[in-house]
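The primary structure of each chain is shown beneath.
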Amino acid sequence: MVRTLPARAASTRAWGLGNEEYQISCLGCETDLFIVLGERGFFCTSEDYALSDDSIETRPLRRTSSAALEGLGRRLHDIAFADGQHDVAHMLTFAFGSATCPDCETGFSDWAGTQ
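Residues numbered from 1 in each chain as written. Predicted model: local features only at pLDDT ≥ 70, side-chain atom pairs only at ≥ 80, totals over all residues. Heavy atoms only, no water.

Draft legend 1. Inspection of the pairing of strand 2 (residues 21-25) at higher detail. Relative to strand 3 (residues 32-38), strand 2 runs antiparallel, the two being bridged by five bridges. Along strand 3, the bridge assignment pairs S25 with D32. Two successive antiparallel strands, strand 2 and strand 3, enclose a turn made up of six residues, where E30 displays a positive phi of approximately 65°. (Pairing = 2+ DSSP bridges. Helix = DSSP H or I, 4+ residues; strand = E, 2+ residues; numbered from the N terminus.)

Draft legend 2. Focus on the nonpolar core. Ranked by internal contacts, the top residues of the largest apolar core, which has 19 residues, are L33, I35, L37, C44, L61 and F108. Listed by contribution, the elements that provide at least two residues to this core are strand 2, strand 3 and helix 3 (86-95). Per-element tally for this core: the top contributor is helix 3, with five residues. Here C44 is in contact with L33, F34, I35, E57, T58, R59, L61, A99, T100, P102 and F108, once residues within four sequence places are set aside. In this structure, V36, F43, Y49 and I56 belong to the second largest nonpolar core, which totals five residues. (Core = buried A, V, L, I, M, F, W, Y, C linked by side-chain atoms within 4.5 Å. Buried < 20%, exposed > 50% of the residue type's maximum accessible area, 1.4 Å probe, protein only. Contact = heavy atoms within 4.5 Å.)

Draft legend 3. Representation of unusual backbone geometry in the model. Phi at E30 is positive, roughly 65°, even though this residue is not glycine. Inspection of the secondary structure puts E30 in the loop between strand 2 and strand 3. Positive phi, normally seen in glycine, also occurs at E105, with a value near 70°. Assignment of secondary structure puts E105 in the loop between strand 6 (98-100) and strand 7 (107-109). Classification of E105 by relative accessible area gives partly exposed; the value is 45%.

Draft legend 4. Expanded view of the environment of Y49. Mapped onto the elements, Y49 comes out in the loop between strand 4 (41-45) and strand 5 (59-60). Placed 13 residues apart in sequence, Y49 and V36 show a C-alpha to C-alpha distance of 9.0 Å. Sequence-distant contacts of Y49, that is, excluding residues within four places in its chain, are made with E20, E21, F34, V36, R40, F43 and I56.

Draft legend 5. Region of interest: the sheet that holds strand 2. A sheet is described by the order of its strands in space; here four strands give the open sequence 2-3-4-5, paired in antiparallel fashion. Among the strands making up the open sheet, the edge pair consists of strand 2 and strand 5. With respect to the sheet, helix 3 is in contact with strand 3 and strand 4, its orientation differing from that of strand 3 by roughly 155°. (Axes fitted to C-alpha atoms, helices over the stretch in contact; angles between N-to-C directions.)

Printed below as a string of structure tokens:
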């Protein structure tokens, strides 16, 4: 079962993309999770990845296809793509995708609070 996280403010979504991470709580086990988008990859972890030696447990983020994006995700992707910001457009397909908690295996989507 995939669970949807509660909506967040637009400024929080923008902050996460700019800093290449979000920190959320898993709806299944309430563990604090890092959602990582960018230079270090596209993954979810409950461990402090920033201080790690790359031996942490992670789960890959599952991107959505650009054709499947709707609403805000579609608009942001279209603007980024039209402006030649292809890296940002690619990142948005992960930001509007889904993930799995590495601790309890709960699947979740909408972690950026976008729908």
